[in-house]
Amino acid sequence: MKLRPIRIAITVMVTATLLFGGWFVYRQVALEKPIEKLVADYDGVNDVQLDINQNQVVLNLDLEPNTNIRGLVDYIRTDGKELLNGRTMKLEVKDHSTETLDDFWSNALFTVAEAMETRQYTQIPEKLKEMSEGSIQVDYDIDNENVYVSLSDGEASKYIILPRQPATMGVWPNA
C-alpha cells in the first residue's frame, strides 16, 4: 500500500474546513444573531456586540440617553431565556459621559458605596436626587441582582450597574 501525501493533506484540509466552518456558521446563525436581533429590537439600543462563551454572554451595548436599562435586562431575561440557555448575562455599556457627569459620579460614589455596603438601597435615590439639584437627571432602579443608576444631562448619559451581591473574599493563604 502506497500512501499519497497530497491526497491525505487535501482530505485533512477539507475535513478541518467543514468541521470548523460548520461550527462557525452554527455559532453565528444559531447563537449570536438571534440574541443580537432580540437586543437590537429594544427601544433605545443603538448597537450590540456579543461575546459568548460556555458560561456567560457578555453584551457590549451602545445606548441612547434615557434608555430604561432595567427594562432591557428584564426583556432579555424573559424573551431571550431560551437563547441564553442557562448562561449568565453581563452588560457592558459604552460610556457617553461628559466631564460634568463624571464629576457628579465621583462625588456621589462614596455615598452610593456606603449605601450598597450597608444594604440600605433607599438611600441611593435620596442622596443622588439631593446632590443633582436638578441639573442632572438621575434615574435608578433595582432588581434581585443589580442596582441600576442612569445619569443624564440631556445629550450625554452615564449608566452604572452595581451588583447587589458583593464579591466574597476567601481565606488568605498566609493567615
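Structure: above.
No experiment lies behind these values; they were computed from the predicted model shown.

**A few points about the sheet that holds strand β6 (residues 157-163)**
Piece 1. Overall, antiparallel pairing links the three strands, which are arranged β4-β5-β6 in an open sheet. In the strand order of this sheet, the two ends are held by β4 (137-142) and β6, each with one partner. Sheet twist, expressed as the mean angle between neighbouring strand axes with direction ignored, is 15 degrees.
Piece 2. Strand contacts of helix α2 (residues 69-79): β4, β5 (146-152) and β6, with the helix running at about 135 degrees to β5, the strand carrying the most contacts.
Piece 3. Docked against the sheet, helix α5 (residues 123-132) engages β4 and β5, running at close to 175 degrees with respect to β4.

**Comments concerning the pairing of β5**
It is a general feature of regular strands that their side chains alternate between the two faces of the sheet.
Piece 1. Most of β5 sits inside the fold, with seven of its seven residues counted as buried.
Piece 2. The side-chain alternation of β5 yields two buried faces, one formed by Asn146, Tyr148, Ser150 and Ser152 and the other by Val147, Val149 and Leu151.
Piece 3. Where β4 meets β5, six bridges bridge the pair, whose relative direction is antiparallel. Across the sheet, Tyr140 pairs through a bridge with Val149, a residue of β5.

**A short note on a nonpolar patch on the surface**
Piece 1. Together, Met1, Leu3, Ile8 and Val12 line one region of the surface with nonpolar side chains, adding up to about 530 Å² of accessible area.
Piece 2. Relative to the helices and strands, Met1 is located in the segment before α1 (5-40).

**Some thoughts on α1**
Piece 1. In a regular helix each residue adds 1.5 Å, so 36 residues correspond to 52 Å; α1 covers 49 Å between its end C-alpha atoms and thus fits that length.
Piece 2. For α1, the principal kink sits at Glu32 and spans about 40 degrees; a proline, Pro34, occurs within the next four residues.
Piece 3. Looking at α1, one finds that the buried residues are Arg27, Leu31, Glu32, Ile35, Leu38 and Val39.
Piece 4. Where α1 is buried, its residues meet β1 (45-52), β2 (56-63), α2 and α3 (81-84).

Cut-off values and rules
- Residues numbered from 1 in each chain as written.
- Predicted model: local features only at pLDDT ≥ 70, side-chain atom pairs only at ≥ 80, totals over all residues.
- Heavy atoms only, no water.
- Pairing = 2+ DSSP bridges.
- Helix = DSSP H or I, 4+ residues; strand = E, 2+ residues; numbered from the N terminus.
- Axes fitted to C-alpha atoms, helices over the stretch in contact; angles between N-to-C directions.
- Contact = heavy atoms within 4.5 Å.
- Buried < 20%, exposed > 50% of the residue type's maximum accessible area, 1.4 Å probe, protein only.
- Patch = residues over 30% accessible without salt bridge, like charges linked within 9 Å, V, L, I, M, F, W, Y side chains within 5 Å.
- Areas by Shrake-Rupley, 256 points an atom, 1.4 Å probe, with all protein chains shown as cover.
- Salt bridge = Lys/Arg side-chain N within 4 Å of Asp/Glu carboxyl O.
- Expected span 1.5 Å × (residues − 1).
- Bend = angle between axes of the 7 residues up to and from the residue.

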